[in-house]
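# Report on the structure
The chain contents come next:
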Amino acid sequence: MKVENRTFIVSGGSSGLGAATVQDLLARNAYVSILDRSPPPEELKSSSRVRYFAVDIREVDQINKAVEGTVEWTKETSAPLGGVVNCAGVAVAAKIIDSHNEPHSLDLWDFAIAVNLTGTFNLTRLALKHLVKVAPEEGPDGERGVIIFVASAAAYEGQPGQTAYAATKGGIRSMTLPMARDLARHGVRVVTIAPGVFDSSMTANFSPKARKSLENEGIIYPRRFGQPHEFAGTVRWILDTPYINGETIRLSGAGRLPGKL
């Protein structure tokens, strides 16, 4: 699809994989609406092609206000909505029975579901209300836009302590195809990226020993953490390739991490 002079909503766009995606979209002359609890760096926030909305992705009223504000902004810029990239998420860790034989915290489970799964669902459904009304692009496909979800390698090979996290990412993976089927008549594609271990705020505090273990024992090639620009490049490829639809794309250096007890 054409990216130039289209508007994309990027949740979690102030840092990490989301910020790299925002930068890549701006390099292609797109407009970007950033939804995040924290403001983006000044070089992004000050751009005339960026609009920032302070949003807690757990709060549906805040999401709706940001989506409606984005749609109003598209009328000012004449850059119609082009899609959503759902990068907002949290990594939580807890074993189902801990070392004191206490059960997994229900509050932690609810938090993970609220951010990673329900937040993604709410932003997507509220944006789609407007995206399906955008004039289709010229050409045989008549494409209107793209929804991109972010799952995780944990959707396939969850590690000890990742029961809640893996459940949220598996849920995202599972809703990709049925949503793509729902939206086919509207000319809207749905694609999920399932990253392996990436350099991000979530992994910045890993010890050197833990980092080396992950690089050596689960990643085939290249034996390093993924870089944010590689995630952004995958988003670019998805946007540029109309035949990619209803798929979950693994982005993991062929990594298949074994379970560690």
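Here the structure is shown first, and the text comes after it.
The paragraphs below set out a description of the structure included in this document. Note that the structure is a prediction, hence the values are computed from the model and not measured.

## Some points on the layout of surface pockets
Unfilled space is identified by rolling a water-sized probe across the atoms. Its volume calculated, the second largest pocket comes out at about 230 Å³. Forming the boundary of the second largest pocket are 20 residues, of which Phe198, Gly226, Leu251, Ser252 and Gly253 lie nearest the centre. Classifying every residue of the lining of the second largest pocket by side-chain character gives 9 nonpolar, 6 polar and 5 charged.

## Description of the packing of helix 1 (residues 16-27) against helix 7 (residues 228-240)
Where helix 1 meets helix 7, the axes come as close as 8 Å, and the angle between the chain directions of the two elements is 55°. Taken together, helix 1 and helix 7 sit at an angle that is classed as oblique. For the crossing formed where helix 1 meets helix 7, the hand is right-handed. Seen from helix 1, the contacting residues are Gly16, Leu17, Ala20, Thr21, Asp24 and Leu25; seen from helix 7, they are Pro228, His229, Phe231, Ala232, Val235, Arg236 and Leu239. Residue classes in the contact of helix 1 with helix 7 are distributed as 8 nonpolar, 3 polar and 2 charged.

## Considerations on the pairing of strand 2 (residues 31-36)
By the criterion of burial, strand 2 is predominantly enclosed, with 6 of the 6 residues buried. On strand 2, burial covers both faces: Tyr31, Ser33 and Leu35 on one face and Val32, Ile34 and Asp36 on the other are all buried. Relative to strand 2, strand 1 (residues 7-11) is paired through 5 bridges, and the arrangement is parallel. Across the sheet, Ser11 pairs through a bridge with Leu35, a residue of strand 2. Of the crossover connections in this fold, the one passing from strand 1 over helix 1 to the parallel strand 2 is right-handed. As judged from the 5 bridges shared by strand 2 and strand 3 (residues 50-54), these two strands associate in the parallel manner. Paired with Ile34 across the two strands is Tyr52, which belongs to strand 3.

## A short note on the packing of aromatic side chains
This structure, assessed with the given rule, holds 1 aromatic pair. Ring geometry for Tyr31 and Trp73: centres 5.7 Å apart, planes at 80°, overall edge-to-face. With Tyr31 in strand 2 and Trp73 in helix 3 (residues 60-77), this pair connects stretches of sequence that are 42 residues apart. Each member of the pair, Tyr31 as well as Trp73, is classed as buried.

## Details of helix 5 (residues 163-183)
Its 21 residues place the ends of helix 5 30 Å apart at the C-alpha level, agreeing with the 30 Å of an ideal helix rising 1.5 Å per residue. The axis of helix 5 is deflected most strongly, by about 30°, at Thr176, and proline Pro178 appears within four residues downstream. Every buried residue of helix 5 is accounted for by Ala164, Tyr165, Ala166, Thr168, Lys169, Gly170, Ile172, Met175, Thr176, Met179, Ala180 and Leu183. Packing partners of the buried residues in helix 5 comprise helix 4 (106-131), strand 5 (145-150), strand 6 (188-195) and strand 7 (248-251).

Rules used throughout
Residues numbered from 1 in each chain as written. Predicted model: local features only at pLDDT ≥ 70, side-chain atom pairs only at ≥ 80, totals over all residues. Heavy atoms only, no water. 1 Å grid on protein atoms, 1.4 Å probe; cavity = no way out; pocket = protein on both sides within 12 Å on 5 of 7 lines; lining within 4 Å. Points joined across faces, edges and corners; volume = space filled by probe spheres on them. Nonpolar A, V, L, I, M, F, W, Y, C, P; charged D, E, K, R; others polar. Axes fitted to C-alpha atoms, helices over the stretch in contact; angles between N-to-C directions. Helix = DSSP H or I, 4+ residues; strand = E, 2+ residues; numbered from the N terminus. Parallel < 35°, antiparallel > 145°, perpendicular 65-115°, else oblique. Left-handed = near helix turned anticlockwise from the far one by under 90°. Contact = heavy atoms within 4.5 Å. Buried < 20%, exposed > 50% of the residue type's maximum accessible area, 1.4 Å probe, protein only. Pairing = 2+ DSSP bridges. Right-handed = clockwise from strand over helix to strand, strands pointing away. Phe/Tyr/Trp six-rings, centres within 6.5 Å; stacked < 30°, edge-to-face > 60°. Expected span 1.5 Å × (residues − 1). Bend = angle between axes of the 7 residues up to and from the residue.

Take it as geometry only, folks, not as evidence of what the structure does.
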